[in-house]
Amino acid sequence: MKLNLRIWRQKSPLDKGRFEDYQLDDVSEDSSFLEMLDLLCEQLVAQGKEALAFDHDCREGICGMCSLTINGIPHGPEKETTTCQLHMRHFKDGETITIEPWRAKPLPVIKDLVVDRSPLDRIIQSGGFITARTGSAVEANAIPIAKQTGDTAMDAAACIGCGACVAACPNASAMLFTAAKVTHMNSLPQGKVEKDRRTLAMVSTMDGEGFCGCTNVGECEAVCPKGIALDMIAQLNRDYTSAQVKNFFEPVQ
Amino acid sequence: MKLDAKIPDGPLPEKWSSHKFKMKLVNPANRRKYSVIVVGSGLAGGAAAASLAEQGYNVSCFCYQDSPRRAHSIAAQGGINAAKNYQNDGDSIHRLFYDTVKGGDYRSREANVYRLAEVSTDIIDQCVAQGVPFAREYGGLLANRSFGGAQVSRTFYARGQTGQQLLLGAYSALSKQIGLGKVKMYNRHEMLDLVMVDGHAKGIVARNMTTGEVTRHAADCVVLATGGYGNAFFLSTNAQGCNVTAAYRAHKRGAGFANPCFTQIHPTCIPVHGENQSKLALMSESLRNDGRIWAPKDPATAAKIRAGELDPNTVPEDERDYYLERKYPSFGNLAPRDISSRAAKELCDAGHGVASTGLGVYLDFRDAIQRDGKKAIEERYGNLFEMYQRITGDDPYSTPMMIFPAVHYTMGGLWVDYNLESTIPGLFVGGEANFSDHGANRLGASALMQGLADGYFVLPYTVGNYLGEQGIASAGTVTTEHSAFAEVEDAVESRIEKLMSIGGTQSPRSFHKRLGKIIWDECGMARSREGLEGAIQQIQALRKEFWSDLRVTGDADGLNPELERAGRVADFMEFGELMCRDALMREESCGGHFRVEYQTDDGEALRNDADYTYVSVWEYQGDDTEPALHKEPLIYENVALATRSYK
Ligand SMILES: Cc1cc2nc3c(=O)[nH]c(=O)nc-3n(C[C@H](O)[C@H](O)[C@H](O)COP(=O)(O)OP(=O)(O)OC[C@H]3O[C@@H](n4cnc5c(N)ncnc54)[C@H](O)[C@@H]3O)c2cc1C
Ligand code: SF4
Ligand code: FES
């Protein structure tokens, strides 16, 4: 198939950036979206032009590294599908495809389509863990966990930290991401001890990193490649309110 | 090069505990005076960095991705083994040890494998405490499944994302230490060389991939946990960035490289679709529990299917060759990875292959669906079927799935002793990057176990022991001002300049593809003297072409994926030759290493225990000199060597 590509090119964080148009002639329907971009890079190199920079690694939808806004939608048009798992058979011959980086103030562009997602890591560093020093664990079956509880934790833990939810949100909110992490840990018995501390710390870091509040637009859920549901945000709100109340009466350590 | 495996004395079950007791301890107040570099944030590196920081050491951790959570451990689907015997089906530490030694075709070190089996149970405890959401039964206890043909159910799993969940556990522990300031995390940094001072590993030189700056990092010792080198084949189930650079650079500085030809080809991957394919997708091995593997008996039928003239569903029963069931009646479709992969290749070579390229066989669920109903199959494999359909566009409920073997794991790696220390003092290696515990073939669900065993339960002890032996007076004495750092930095800078300035016509990717094809053809599933000798010459010629006709666009002083790939391919170009040399030297067939000259009358691998029961360890001797071979004899005191038979 033939494709017209409008791609965001930006030399550095300080560069203003612009769209550039490219044409690709011989794209196989069976190739993945990123393989299509590989082909473009090869074409650019053959022409002596600078290849395109974009993030990717596992190419199987699990590492969360790929991050493109395709025709205005983070991770493109297919439901619950990361960019790397999107295949060209979903596009039409002769189609024009617009490709941009994540667009969100807290995640600035480093180059071309690559953005800086380190604020998401910092949210985790502030509280997204269950303290279990190596060697200190009790026997794994000592604490039975209802299957349902385990399943809820697993649903939340499926988040791959890609940041599409932030990119899709008109407020650049990181609520879905944070809520998924908090729900994963807060719902397990092992995570109860640090529950309030964790919730307060992560929300406060999230605010400090410049992510704005959630106004229930729901775009995040629509683009999330792992089907993280909005209920998680409701759960975070409940946990946060309860932690705040406790903190008011007796500061949470 | 002296190879002392430092295996502790005493009976097998007591070696590790008595060794731990004899180790030098570092007083808690002194630990903060030491610093440790950990390169890699996967299961092995992430777990080691977090645990060492918890103990009080200052840790610097490096990864090439934008976050430590993205290391390729994340992609593991199937599960992790542990000898918990929760299913009361006769599992034990000794059985896991025995299965691993046998599965590895008797080419691994007994003492290390035993320790692995021993700490496997602690891993599960540790992970559950961190909040890893393993699958559970309705009663609330942990669930298990049997995996990869094991006769006991010892595999723990978290939906199809065991790797991600285990890695998130290690990542959260690491993140806590980063937040506390005990670990300094260097994301988007690629280690490009090792720095040695007075014969000990004392630091690394890395490139900040965002700014292009070449940076120096000093420490009291260095841990490499940089994963496997499967991408030497270009196409593999590895992530795009997986590389041999860190390990190979250490090799060039004096670390012995062990068994480089031991690579694992996984039987159930989605076949190649075309010229622009960049990676191969693994379909979980669990599919073989219900799917039946076959190819048309008549090559003419296969040709019609390839041409799209025949629907595979219409091939009558007596024209299908269920070849694994035929050749290995007792294991059938669950025959081990190396055996299943080779059988598929043989059939395709003989013209029975399907898929447009002729490189594919069927994994058919028709009978299972008839037997158990579509709903039951959907419950078991729904997400895998979806993934298959997403990639291929075919619906496996109605048309049989196509599979073909693909490179998946590398058993070879830097040689390490019982302490996981390489032949360079102060350089430790964990996870897939070391030559590990898997001999010539790894069993399913054992790599995650080994990565976490190394990271949580071995390295934190043995690194501490090394630091204790060096003494507190040595702590922090080497800094980046030492002349060794300037020398290595210069070498790294000039190599980057060289790559940038060749000014040729061919891209790094195109060279990588060509290299991969040579290695796949001659050092893949079937190897021969003639083929390997030819491959070595072809690689040497390709390497010359690389250094005279490479084109790297862009600049070196910022983010440049082309430059990154060029550097990795340059190392694969040298390393690929080493793989072929090792395969050529080992005149026997064992595990994933199949030399066509050494097979039984019915085409099974023919091991040669009398001459090859050793680890081959290669010492770098210079760019234009052949590497020297050293041997670590493998001594089996607890397991009797036997022929693996799955008939
Ligand atoms: C698709 C797939 C499925 C698998 N499924 C299973 C399974 O079900 N069960 C099982 O037991 N095993 C499985 N395996 C194998 C297993 O996942 C790996 O062997 C294991 O996770 C490797 O862990 P590691 O910590 O050694 O390396 P990795 O997780 O690969 O980590 C390597 C780290 O090193 C860093 N790094 C590499 N090079 C450099 C450099 N030059 N400079 C700086 N940093 C560098 C990377 O950034 C990364 O952080 C699977 C493997 C694959 C590919
Ligand atoms: S919640 Fe979904 S969209 Fe957001 S980071 Fe996680 S996986 Fe990505
Ligand atoms: S590249 Fe890993 S999720 Fe897309």
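A. Geometry of the sheet that holds strand β11 (residues 263–269) of chain B. Residues and elements named next belong to chain B. Taken in spatial order, the five strands line up as β11-β15-β14-β12-β13 in an open sheet, and their pairing is antiparallel. Two strands lie at the open edges of the sheet, namely β11 and β13 (320–321), each paired on one side alone. Here strand β14 (residues 361–364) runs beside strand β15 (residues 401–410); their pairing, made up of three bridges, is antiparallel. Paired with Tyr362 across the strands is Met402, a residue of β15.

B. Inspection of the packing of aromatic side chains at higher detail. Residues and elements named next belong to chain B. Considering all chains together, one arrives at 27 aromatic pairs over all chains under this definition. For the ring pair Tyr34 and Tyr57, a centre distance of 6.3 Å and an interplane angle of 65° mean the geometry is edge-to-face. Within this pair, whereas Tyr34 is found in the loop between α2 (28–31) and β1 (35–39), its partner Tyr57 is found in the loop between α3 (43–55) and β2 (58–62), the two being separated by 23 residues in sequence. Taking the relative accessible area as the measure of exposure, Tyr34 reaches 2% and is therefore buried. Note on Tyr57: relative accessible area 2%, which makes it buried. Cluster of aromatic residues (ring-pair linked, three or more members): Tyr229, Tyr248, Phe257 and Phe575. Taking the ring centre of Tyr322 as reference, the NZ or CZ of Arg292 above it sits at 3.7 Å. For the cation-ring pair, Arg568 lies above Tyr64, with the distance from its terminal atom to the ring centre recorded as 5.1 Å.

C. Structural detail: the site of ligand 2. All names here are of chain A. Near ligand 2, the surroundings consist of Cys159, Ile160, Gly161, Cys162, Gly163, Ala164, Cys165, Leu176, Phe177, Cys224, Pro225 and Ile228. Breaking the shell around ligand 2 down by element, the ones donating at least two residues are α4 (164–168) and α5 (175–186). A per-class count over the shell around ligand 2 returns 10 nonpolar, two polar and no charged.

D. Highlighting the domain arrangement of chain A. Residue and element names in this part refer to chain A. As assigned here, chain A comprises domain 1 (3–110) and domain 2 (117–249). One C-alpha centre belongs to domain 1, the other to domain 2; they are set 29 Å apart. Of the roughly 1,400 Å² buried where domain 1 meets domain 2, counting both sides, 64% is carbon and sulfur surface. Linking domain 1 with domain 2 are one salt bridge. For the interface between domain 1 and domain 2, the tally reads four residue pairs in polar contact (both at pLDDT 80 or more). Partitioned by chemical class, the residues of the side of domain 1 that touches domain 2 number 10 nonpolar, six polar and three charged.

E. Structural view of the domain arrangement of chain B. Residue and element names in this part refer to chain B. Examined at the domain level, chain B breaks down into domain 1 (265–407) and domain 2 (487–633). For domain 1 and domain 2, the distance between their C-alpha centroids amounts to 31 Å. On the side of domain 2, 11 residues touch domain 1, which itself brings 12 residues to the contact. For the pair domain 1 and domain 2, the summed buried area comes to about 950 Å², and 61% of that belongs to carbon and sulfur atoms. Of all residues in domain 1, Ile265, Arg342 and Lys345 give up the largest surface area on contact with domain 2, accounting jointly for 48% of the area buried on that side. Along the contact surface separating domain 1 from domain 2 lie zero salt bridges. Taken together, the links from domain 1 to domain 2 amount to two residue pairs in polar contact (both at pLDDT 80 or more). Elements that contribute at least two residues to the side of domain 1 that touches domain 2 include exactly α10 (337–349) and β15. Here the side of domain 1 that touches domain 2 gets four residues from one element, more than from any other, and that element is α10. Partitioning the side of domain 1 that touches domain 2 into residue classes produces five nonpolar, three polar and four charged.

Cut-offs applied
Residues numbered from 1 in each chain as written. Chains lettered and ligands numbered in written order. Predicted model: local features only at pLDDT ≥ 70, side-chain atom pairs only at ≥ 80, totals over all residues. Heavy atoms only, no water. Pairing = 2+ DSSP bridges. Helix = DSSP H or I, 4+ residues; strand = E, 2+ residues; numbered from the N terminus. Phe/Tyr/Trp six-rings, centres within 6.5 Å; stacked < 30°, edge-to-face > 60°. Buried < 20%, exposed > 50% of the residue type's maximum accessible area, 1.4 Å probe, protein only. Lys NZ or Arg CZ within 6 Å of the ring centre and 35° of its normal. Near = heavy atom within 4 Å. Nonpolar A, V, L, I, M, F, W, Y, C, P; charged D, E, K, R; others polar. Domains from an automatic or database assignment. Buried area = accessible area lost by both parts, 1.4 Å probe. Salt bridge = Lys/Arg side-chain N within 4 Å of Asp/Glu carboxyl O. Polar contact = N/O pair within 3.5 Å; in protein donor to acceptor, adjacent residues only side chain to side chain. Contact = heavy atoms within 4.5 Å.

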